[in-house]
Amino acid sequence: MKLLEYQAKHLLKEYHVPIPEGFVVKGLSELNKVVQQLGGRCVVKAQILAGGRGKAGGVRLAGTLREAAAAAEDLLGKPLETYQTAGQGEMVNALLIEEQLSFLKELYFSVTYDRETQTPVMMLSAEGGVEIEEIAVKKTDSIRKVHVNPLTGIQEHHIRELYLSLGRGKEGYRAFTELVRNIYRLYMERDAAMVEINPLVLLPDDTFLALDAKMIIDDNALFRHGDLVEIRKVPDDEQQEVEAREKGLSFVKLDGDVACMVNGAGLAMATMDMIKHNGMEPANFLDIGGSSNPQKVIEALDIIMKNPRVKVIFINVFGGITRCDDVANGFKKALSRRSLEIPMVMRLTGTNEKEGRRILEEIGYEAFTDLKEAVARLKEVRNGIREGN
Amino acid sequence: MKLLEYQAKHLLKEYHVPIPEGFVVKGLSELNKVVQQLGGRCVVKAQILAGGRGKAGGVRLAGTLREAAAAAEDLLGKPLETYQTAGQGEMVNALLIEEQLSFLKELYFSVTYDRETQTPVMMLSAEGGVEIEEIAVKKTDSIRKVHVNPLTGIQEHHIRELYLSLGRGKEGYRAFTELVRNIYRLYMERDAAMVEINPLVLLPDDTFLALDAKMIIDDNALFRHGDLVEIRKVPDDEQQEVEAREKGLSFVKLDGDVACMVNGAGLAMATMDMIKHNGMEPANFLDIGGSSNPQKVIEALDIIMKNPRVKVIFINVFGGITRCDDVANGFKKALSRRSLEIPMVMRLTGTNEKEGRRILEEIGYEAFTDLKEAVARLKEVRNGIREGN
Amino acid sequence: MAIFVNRETKVIVQGITGRDGSFHTGKMLEYGTKIVGGVTPFKGGLEVEGVPVFNTVAEAVSRTGADTSIIYIPPAFAAGSVIEAVEAGIKNIVCITEGIPVTDMMTVAHYVRSKGARLFGPNCPGIITPGETKIGIMPGHIFSRGPVGVISRSGTLTYEVVHNLSSAGLGQSTVIGIGGDPIIGTKFVDCLEAFKEDSETKAVVLIGEIGGSDEEMAADYIKKHFSKPVAVFIAGKTAPKGKRMGHAGAIIHAGKGTAESKVALFREAGAVVVDLPVDIAAAVKAFF
Amino acid sequence: MAIFVNRETKVIVQGITGRDGSFHTGKMLEYGTKIVGGVTPFKGGLEVEGVPVFNTVAEAVSRTGADTSIIYIPPAFAAGSVIEAVEAGIKNIVCITEGIPVTDMMTVAHYVRSKGARLFGPNCPGIITPGETKIGIMPGHIFSRGPVGVISRSGTLTYEVVHNLSSAGLGQSTVIGIGGDPIIGTKFVDCLEAFKEDSETKAVVLIGEIGGSDEEMAADYIKKHFSKPVAVFIAGKTAPKGKRMGHAGAIIHAGKGTAESKVALFREAGAVVVDLPVDIAAAVKAFF
């Protein structure tokens, strides 16, 4: 779950990480008071989840209330297109109005986890203010990575190693220590998958401040962060994915017309690969998950049918913890609620296969056992459909 | 550092552990309002650090304000003698006035650390309300011990194992879980050496409440608990020990008349053992500690001389991290401020021994190298002093 | 010979009274797995499929002598269950649970290793030595005993491949589902090390997917230390970047962990990489 | 042969620029210890007694190849320094610091062990193999090389005993101060295990004190597994109960850890227990 900048900053504040003074504005009428409180000069920042906001004009400096109002009017309630929004633009529903600050230096700081060492990793670079990919390419040496053993937690020497990489004297060290400890604590306690402060700025008084903030919370940990679930903003292009996840399904929309429903992520990916390999285009990735529940099949069909481009459905189930009879039952129930107007090819094998086939027979459907044969049939069916239909 | 009951309960409350409603009273004039607030019926509890308070009459039930006033008058501002106060009694400077509660059962719960496994250990017994030594003797099986690995921290199954030992149904489990987690967190975060809740009572609604509380904070960790240092009450008989510790000295007063000043705890104990072995009685244990600092010798002499029973001083220093010249310098400085009116025998060897002897010579003192010879001389000196002098 | 588990392995089921736990206890017993006990707090004394239920793992271990455990516990409590198992002296732990938070798993992975225990998963189908023991949720009938070791990050895709192998007369020595999460206990390289020492295993099938660098490390290990033939399939060639493909671990970040780069490294290491999972058997056949 | 450390041991000093750190760096160099570097944050680039100072342990290790570290760091930061050393790959850590909180030490003790490293102390005088290397704060001139292994919970009392031994012509193989705190890294039993395998060591002197049960465990080990002769002194016979005798570990709780019970168990295990530290040499003489 991605957080908006102001939501991330709200968490930073909770953890005593310095941030600029600022206010969230969701309508133009609130602007006046807020800009006055900041003394006229301010920064107007569009609150969207997509990256690349700065280059797309989503961050504006304003010297007067009039300028701020112009910027706000320009942004609020309109879609903002960045290189990450894939041509559609993301609606700006809120602005963050912040004080303008002068600083000595822009740094990059983040905490995320490293799959190889299976530890949190903190990264600091003296080259802040640009995308981390750019930093990584421009100057690999400029990024200092420090791994933290999860059993012993963050230690003084981890912070020291980061700070020493800046080549600065001791004067900023105390503020830096506090900053890093607080961000790390936030990262762990709030189950963040990533906290990125870019830029982290060094102020003239040798303290540090988070000028921008990106944060991703581990979806698997949301059960213990009800407060974050409440403030969740789902990106426009992920609406369906999030809805699906709430129902225990993994769904990713794609551009093709062959919908698929598979149990297991690996098999689902491999199924997409096979569809493509046979000259067709998958309409989605859809994993109905490990645990067995007929209801999931019903939900899955619902999601698939929301996509008007879908021409044929391919169901591929290899039962393990998922039982074939549960899948067949789910399918049966789904058909009792809605008729299926497009062709469907099914492959069903594994745990409780016999029971599953018996249920399908009852409603006049049959299923392949072998994947290769099933895909061959799928290809026939798809090729039999006239384009433009 | 031991906490008084009300101080310990204050911490428990901070950690959301249920405690009885109650008020601290330091003068009789405050009593009226407090007892009224509790509805007349209350418990009057003398706040002392020594154990055995209950049996010594330090806890009184009062059914009316009049009874409460009588109890308070009886206790406040007077010494309370228990089996742990060694015949002197401990002054009662405060009372805790608490509501009377009805409960189903008294349990014993504590968290401390286990030296063998080097982990925190939690103990639960269904036999609460009496001294833990008694429980341990009466029914060893009735104490359930659960160790917590400090790297992974407290886990659900630790709490489950404790709870299951009570042989009760699931209904109290949720409240118990919360209680144990909170007390464990307190134990770790506040660097307690021991948290003991005896009795922990089970209330009619299947929740738990700390009816009494003992707590010891690790002295070595006080540097990060300024709030606790502020509220510290030093037991009457430990006044000198605490003062000494603040000066970096380890001091324990004993009953004999041969004062000793030694560097290193092990050598200090062995020196006491040798004094005793030679028919004398040590007046104290005094370790001037590992790190080297002439000032410590001055402070150590001051503490020794406060004890009027001391007839002779034995200084035993085997330099290591403590340097002989530092010790000699300290001694020299001490003599420049005060004259020594009782005899002193010194043994000085180890790091910077030569420099140390040179300094002693300057002020007309000499020292033995060999411990056996030094103790022999000490014995001669002590035996030469007429008793009753 | 096989690796990690065999017919002597004594298994307890954590979460035995749940829907999945009880169902698969039956299936495992049917397969011949020595299920000696189960654990569900507050349900000690019951029986599931004739297997005694205990309140704690410690009790189950002391009463049954179990050395291995399989976990069907909801994600919020699963990490704690692994720690409970290790503290009770269990040496091999198979964690089926999907959806455990990453912060929990980082701690657990380090802890398990520090105690010399072995964790399979989480979010994995388990481990099977065909004809001897099945500790997992895989459909037992598709497996057959033989010279091919199988390691896979996926569950159902493993079944697909094993089905393919068995249908072609290629039996398996041991099949391990290592799990689809970003933080897992036993990785490809750990399994390759064990297969290297196993004289029964003559060839290895490795089923990888996009995301992470475990495949890259495996390719490096094969190149340097592994001389038995290896056939590889990597799932997710058609997956878009930056999207999580079901498995929490299957996500391509900043061009890292793509199918292309993994395929290239395995080929460089001398492994045979196939385009489709149904082509695995043919590739392995060619080894013999 | 000696145990744990020898003339090849490459040592760094953590906290080298402090009063004690710099003083004892000089003394150790004088003794012949291979001090290859020191660490004090923000003082990298300086030299102390001709030894280069680095900002971090990792840097010191990578530049000097050190395998051992001695710590003179204030109590609030000492536990973190041990972790820093282990993370940098140091295998033997001697922690001189007194006054480290128990909660810190519990974590550190478990962590060090889980990484296969070894910690001596905290609150200890260090370890010395006479004539080869001194990693600690003990006065070097009292030690002489010979067949007696010495293990002690105390600092200065160790010097007393060693002085006594050396004066009687009884040299030492290795002398280890294991530390006076309740939570320490290396215990009596660990040292006895090492002395058992050391052919140079013909007898062992063990200096215990009141409190805890490490002596009890050592007595048990001697009884069951240790056949070399052992002479024992236990300090604190005259200590009152419930009072902390200087060492955080030297406190008698509820009648446990008394000198009497320790003495009795050692005698039962076949060790010779002396009444006074100055009697040790005579007892050891009788062994030869």
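Cut-offs applied
Residues numbered from 1 in each chain as written. Chains lettered and ligands numbered in written order. Predicted model: local features only at pLDDT ≥ 70, side-chain atom pairs only at ≥ 80, totals over all residues. Heavy atoms only, no water. Contact = heavy atoms within 4.5 Å. Salt bridge = Lys/Arg side-chain N within 4 Å of Asp/Glu carboxyl O. Helix = DSSP H or I, 4+ residues; strand = E, 2+ residues; numbered from the N terminus. Nonpolar A, V, L, I, M, F, W, Y, C, P; charged D, E, K, R; others polar. Axes fitted to C-alpha atoms, helices over the stretch in contact; angles between N-to-C directions. Parallel < 35°, antiparallel > 145°, perpendicular 65-115°, else oblique. Left-handed = near helix turned anticlockwise from the far one by under 90°. Disulfide = S-S within 2.5 Å. Buried < 20%, exposed > 50% of the residue type's maximum accessible area, 1.4 Å probe, protein only. Core = buried A, V, L, I, M, F, W, Y, C linked by side-chain atoms within 4.5 Å. Domains from an automatic or database assignment. Buried area = accessible area lost by both parts, 1.4 Å probe. Expected span 1.5 Å × (residues − 1). Polar contact = N/O pair within 3.5 Å; in protein donor to acceptor, adjacent residues only side chain to side chain. Pairing = 2+ DSSP bridges.

1. Looking at the interface of chain A and chain C
Part 1 of the argument: Between chain A and chain C, the residue contacts involve 59 residues of the former and 64 residues of the latter.
Part 2 of the argument: Linking chain A with chain C are three salt bridges, by the criterion used here.
Part 3 of the argument: A salt bridge links Arg19(C) to Asp326(A), with the shortest nitrogen-to-oxygen separation between them at 3.5 Å.
Part 4 of the argument: Among the elements that take part in the side of chain A that touches chain C, helix 9 (residues 265-277) of chain A stands out by supplying 10 residues, more than any other.
Part 5 of the argument: When the residues that make up the side of chain A that touches chain C are grouped by side-chain class, the tally is 20 nonpolar, 19 polar and 20 charged.

2. Some details on the packing of helix 10 (residues 294-305) of chain A against helix 11 (residues 324-337) of chain A
Residues and elements named next belong to chain A.
Part 1 of the argument: Interhelical geometry of helix 10 versus helix 11 gives an angle of 50° and a closest axis separation of 7 Å. One way to sum up the angle between helix 10 and helix 11 is to call them oblique. Remark: the crossing between helix 10 and helix 11 carries right-handed chirality. Counting all contacts with helix 10, which are made through Pro294, Val297, Ile298, Leu301 and Asp302, the residues of helix 11 involved are Asp326, Val327, Asn329, Gly330, Phe331, Lys333, Ala334 and Arg337.
Part 2 of the argument: Of the residues that constitute the contact of helix 10 with helix 11, the class distribution is seven nonpolar, two polar and four charged.

3. So, the side chain of Thr40(D)
Part 1 of the argument: Tracing the backbone shows Thr40(D) in the loop between strand 2 (34-39) and strand 3 (47-48).
Part 2 of the argument: Beyond its immediate stretch of four places on either side in the chain, Thr40(D) contacts Gly15(D), Ile16(D), Thr17(D), Val53(D), Phe54(D) and Asn55(D).

4. Some points on the state of the cysteines
Residue and element names in this part refer to chain C.
Part 1 of the argument: Enumeration over the complete set of coordinates arrives at zero disulfides over all chains.
Part 2 of the argument: Cys124 supplies the cysteine sulfur nearest to Cys95, a cysteine that is in no disulfide, at a spacing of 7.2 Å.
Part 3 of the argument: Overall, the relative accessible area of 4% leaves Cys124 in the buried class.

5. So, the nonpolar core
The nonpolar side chains of a soluble globular protein tend to be buried, and buried together.
Part 1 of the argument: One finds Phe109(A), Met122(A), Phe109(B) and Met122(B) to be the most contacted residues of the largest nonpolar core, which totals 142 residues.
Part 2 of the argument: Dropping the residues within four chain positions of it, Met122(B) is found in contact with Phe109(B), Ser110(B), Val111(B), Arg144(B), Lys145(B), Val146(B), Val148(B), Ile154(B), His158(B), Leu162(B), Val180(B) and Tyr184(B).

6. Quick look at the domain arrangement of chain C
Residues and elements named next belong to chain C.
Part 1 of the argument: The assigned domain composition of chain C is domain 1 (10-120) and domain 2 (139-285).
Part 2 of the argument: The C-alpha-based centres of domain 1 and domain 2 are spaced at 26 Å.
Part 3 of the argument: With 12 residues of domain 1 at the interface, the matching set in domain 2 holds 11 residues.
Part 4 of the argument: Taken together, both faces of the contact between domain 1 and domain 2 bury some 860 Å²; the carbon and sulfur share is 57%.
Part 5 of the argument: Run the count over domain 1 and domain 2 and you get zero salt bridges.

7. Observations concerning helix 11 of chain A
One full turn of an α-helix is made of 3.6 residues, so residues set three or four places apart face in the same direction.
Part 1 of the argument: Taking 1.5 Å of rise per residue, the 14 residues of helix 11 of chain A would be expected to cover 20 Å, and the 20 Å separating its terminal C-alpha atoms lies within 8% of that figure.
Part 2 of the argument: Within the sequence span of helix 11 of chain A, burial applies to Cys324(A), Asp325(A), Asp326(A), Val327(A), Ala328(A), Gly330(A), Phe331(A) and Ala334(A).
Part 3 of the argument: Where helix 11 of chain A is buried, its residues meet helix 10, strand 17 (312-319), strand 18 (344-350) and helix 12 (353-362) of chain A together with helix 1 (19-31) of chain C.

8. Overview of the interface of chain D and chain B
Interfaces are often sized by the accessible area lost when the parts come together.
Part 1 of the argument: Opposite the 64 residues of chain D that make contact, chain B presents 59 residues.
Part 2 of the argument: Between chain D and chain B, a total of about 4800 Å² is buried, with carbon and sulfur atoms accounting for 59% of that surface.
Part 3 of the argument: Contact with chain B buries surface across chain D, with Met106(D), His110(D) and Thr238(D) losing the most and accounting together for 12% of the total.
Part 4 of the argument: Counting the contacts that link chain D with chain B gives four salt bridges.
Part 5 of the argument: Put simply, Lys372(B) and Asp279(D) hold a salt bridge, and the shortest N to O gap is 4.0 Å.
Part 6 of the argument: Taken together, chain D and chain B are joined by 18 residue pairs in polar contact (both at pLDDT 80 or more).
Part 7 of the argument: Residue assignment for the side of chain D that touches chain B shows that the elements contributing at least two residues are helix 1 (19-31), helix 4 (102-114), helix 5 (156-167) and strand 13 (230-235) of chain D.
Part 8 of the argument: Ranked by residue count, the leading element in the side of chain D that touches chain B is helix 4 of chain D, at nine residues.

9. Observations regarding the sheet that holds strand 4 (residues 59-62) of chain A
Residues and elements named next belong to chain A.
Part 1 of the argument: Pairing in this open sheet of four strands is antiparallel, and the strands run 2-7-3-4 from one edge to the other. Across the chains shown, the open sheet's two edge strands, defined by having one partner strand only, are strand 2 (22-25) and strand 4. Each strand of the sheet is rotated relative to its neighbour by a mean of 20°, with strand direction disregarded.
Part 2 of the argument: Helix 1 (residues 5-14) rests against strand 2, strand 3 (42-46) and strand 7 (95-98) of the sheet, and its axis sits at about 55° to strand 7.

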